[in-house]
Amino acid sequence: MSEHRALVVDDDPDIRDLLVLVLEGLGLEVQAVGTGAAAISTARSWAPDLVTLDLTLPDADGTDVCRELRTFTDAYVVMVTGRDTEVERLVGLEVGADEYLVKPFSPRELKARAAALLRRPRVGSLPQPPARSVPQQLPGGLVVSRDQKWATLEGAPLPLTPPELDLLATLASRPDEPWSREELAAEVWSGELIESDFVVDVQVAGLRRKLRNASGRDWIRTVDGSSYLLDTGV
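From a predicted model like this one, the values you see are computed outputs, not experimental measurements.

### Remarks on the pattern of salt bridges
Stage number 1. Applying the stated criterion across every chain yields a total of 14 salt bridges.
Stage number 2. Asp10 is the partner of Lys103 in a salt bridge, and the nearest nitrogen-oxygen pair spans 2.9 Å. Separated by 93 residues along the polypeptide, Lys103 in the loop between strand 5 (99-102) and helix 5 (107-118) and Asp10 in the loop between strand 1 (5-9) and helix 1 (13-24) bring together distant segments of the chain.
Stage number 3. By relative accessible area, Lys103 is classed as partly exposed at 24%.
Stage number 4. Linking Glu109 and Arg113 is a salt bridge whose minimum nitrogen-to-oxygen distance equals 2.6 Å. Of the two residues, Glu109 and Arg113 both sit in helix 5, 4 residues apart, roughly one turn of that helix.

Printed below as a string of structure tokens:
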């Protein structure tokens, strides 16, 4: 049996068959469904490591499905869709997607991106009590556990997506010091990131907004237009 599982979500049977073929070519165990409701149900019961998700489904918008997935799983999500505006790409990434492929896509590109994601498995991202690691406590009431991937601010769990949690843990490991986009891509995405500037900027923007909403102040500053730092206020 394969070490990894993949869930294909698309209402087009031809696209579903192609996605299944590509992912099985990576040695994955694959299930395929055609609705948002089936995607949520299957993800809950089957616990896939990777989900390919169409944005246009007969019973739901893919962004809403992704948002729901992020409440109970840290599976990697690759959005595969015909929508190609910058706004839609930003929304997809901000609700927790890890990659965004536009139809018609190259099977080779999907295979490369899926393989890259699965080479860097992450541990549970939902807020939970620390197990083995000692959480890092920062000024301002921010607490981050790098190993267990959870974070709280003034005692309240931060509702971050898995990429945002990875990003925060990285910035918190060297607070009040700038990190270039290239350094963040290397640390958070293991250097296996396509369109790294775009994705890093989107994830930083989402993390910055959530920290601001939770505390009323900006925790992340842009340095020289190309680097970011976690500002602890010290």
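### Some words on unusual backbone geometry
Stage number 1. Put simply, Lys103 and Pro104 share a cis peptide bond, and its omega is -5 degrees.
Stage number 2. Mapped onto the fold, Pro104 is located in the loop between strand 5 and helix 5.
Stage number 3. A positive phi angle, close to 65 degrees, is found at Asp176, a residue other than glycine.
Stage number 4. Take Asp176: it is sitting in the loop between helix 6 (162-172) and strand 10 (179-180).

### Section: the sheet that holds strand 1
Stage number 1. Spatial strand order, 2-1-3-4-5: 5 strands in an open sheet with parallel pairing. Whereas interior strands pair on both sides, the edge strands pair on one side only; in this sheet they are strand 2 (29-33) and strand 5. The sheet shows a mean angle of 15 degrees between the axes of neighbouring strands, direction not considered.
Stage number 2. In terms of strand pairing, strand 4 (residues 76-81) meets strand 5 through 4 bridges, oriented parallel. Residue pairing for strand 5: Thr81 is matched across the bridge by Val102.

### Considerations on the environment of Glu68
Stage number 1. Mapped onto the secondary structure, Glu68 falls in helix 3 (residues 62-69).
Stage number 2. Residue Glu68 is classed as partly exposed on the basis of its relative accessible area of 31%.
Stage number 3. Every residue in contact with Glu68, bar those within four places of it in the chain, is listed here: Ile40 and Arg44.

Each value, and the rule that gives it
Throughout this document, residue positions are counted from 1 along each chain, in the order its sequence is written. Under the rules for a predicted model, residues below a pLDDT of 70 receive no local features and side-chain atom pairs below 80 are neither given nor counted, while totals for whole chains, interfaces and linings still include all residues. No hydrogens and no water enter the side-chain calculation; it runs on all heavy atoms of the structure. A pair is scored as a salt bridge if a Lys or Arg side-chain nitrogen falls within 4 Å of a carboxyl oxygen belonging to Asp or Glu. In this text, helices come from DSSP runs of H or I with a minimum length of four residues, and strands from runs of E with a minimum of two, each type numbered from the N-terminal end. The rule is simple: take the accessible area with a 1.4 Å probe, protein chains only, and divide by the maximum for that residue type; under 20% is buried, over 50% is exposed, in between is partly exposed. We call two strands paired when DSSP finds no fewer than two bridges between them. Here an angle of 0 to 180 degrees is reported between the N-to-C directions of two axes, which are lines fitted to C-alpha atoms, with helices fitted over the stretch in contact. Working rule for contacts: check all heavy atoms of both residues, and any pair within 4.5 Å makes them a contact.

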